[in-house]
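# Architecture and fold: a report
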Amino acid sequence: MTRTDDEVSGPDGAIGPDGAAGPGEVAGPTDEVAGLVLAAGGGRRLGGRPKALLTHRGRPLVEHAVAVLRAAGCTRVHVVLGARSGDVRERARLAGCVLVDNPGWEEGMGSSLRAGLDSLAGSGARAALVCLVDQPGIGARAAGRVRAAFKDDTSLAAAAYDGVRGHPVLFGAAHWAGIAASATGDRGARAYLKEHAAEVTLVECGDVAQPYDIDTEADLARLE
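Being a predicted model, the structure only gives us computed values, none of them experimental.

Attention shifts here to the pattern of salt bridges. In total, this model carries 11 salt bridges according to the counting rule given. Of the charged contacts, one joins aspartate 134 and lysine 51 as a salt bridge, the two residues approaching to 2.7 Å between their closest N and O atoms. With a gap of 83 residues between them, aspartate 134 in the loop between β7 (127-132) and α4 (140-147) and lysine 51 in the loop between β2 (33-39) and β3 (55-56) connect regions that are remote in the sequence. Like aspartate 134, the residue lysine 51 is buried in the burial classification. Between glutamate 63 and arginine 59 there is a salt bridge; the shortest N-O distance is 2.8 Å. Of the residues examined, glutamate 63 reaches a relative accessible area of 2% and is grouped as buried. Because the salt bridges share partners, they merge into one network encompassing Glu32, Arg126 and Asp153.

Have a look at this one:
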């Protein structure tokens, strides 16, 4: 089930100076590449605190992820919600986003990726730029570089950190069905990207982003 809020949102300060786009890194806004935030997880290793609602720079973490994608040029942003989705809707400013319910969120990230890609079907988007809600060290510069790798519906691209593939990732629409078919458990698109490694454009982002995850209590120290 999807829902579109009818206002334009986004606190300008959600990204901060480290997320500012550099010259030539972010193409102009277009609906061809839609942003997709996977924000359904329940934060099991965080005592059951959904990552979407963790506070970062004074606001829920999900707002930061949405702002990153918008600053990278995505005018359409879909957000997949699961754990405590009602609280996320109430507390986070997500106006203008398409909110996607994933009732199977406990199955893992694969189910959220499937729900998100399914929500983009028929939207006119030719690619999805996918961000994880728990990586606040990745800002608009990295997202913009990966988005700029879009060529057509067959594009596959991913940020790389010292040559190691990471997030965000860009999936051309021609790949959505194959990715959805292989996305199970917490693997997401890992198996599909491994199978199609020769087609993936790696975009080095280690100079502008830090790809850490907020997974444990110790990781909370990275939030601001």
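Here the narrative resumes, following the displayed structure.
This part covers the environment of lysine 51. Exposure remark for lysine 51: the relative accessible area of 15% places this residue in the buried category. In the structure, lysine 51 is positioned 81 residues away from leucine 132 in sequence and 10.0 Å away in space, judged by C-alpha atoms. In this view, lysine 51 contacts Gly41, Leu46, Leu61, Val133, Asp134, Ile214 and Asp215; residues no more than four positions away in its chain are not counted. In this structure the side chain of lysine 51 is engaged in a polar contact, spanning 3.2 Å, whose partner is the backbone oxygen of isoleucine 214.

Analysis parameters
Sequence order as written defines the numbering, with residues in each chain counted from 1. Residue-level local features of this predicted model are given only where pLDDT is at least 70; pairs of side-chain atoms are given and counted only at 80 or more, and the full residue set underlies all totals for whole chains, interfaces and linings. Side-chain numbers come from the whole structure's heavy atoms, not from hydrogens or water. The salt bridge definition used is simple: a Lys or Arg side-chain nitrogen within 4 Å of an Asp or Glu carboxyl oxygen. The helix and strand labels rest on DSSP assignments: H or I over at least four residues marks a helix, E over at least two residues marks a strand, and numbering proceeds from the N terminus. Remark: exposure states derive from per-residue accessible area (1.4 Å probe, protein chains only) relative to the maximum for the residue type, with buried under 20%, exposed over 50%, and partly exposed in between. A contact between two residues is defined here by any heavy atoms of the two lying within 4.5 Å. Here a polar contact is recorded for every N or O atom pair within 3.5 Å, except that within protein the pair must consist of a potential hydrogen donor and a potential acceptor, and residues adjacent in sequence are included only if both atoms are side-chain atoms.

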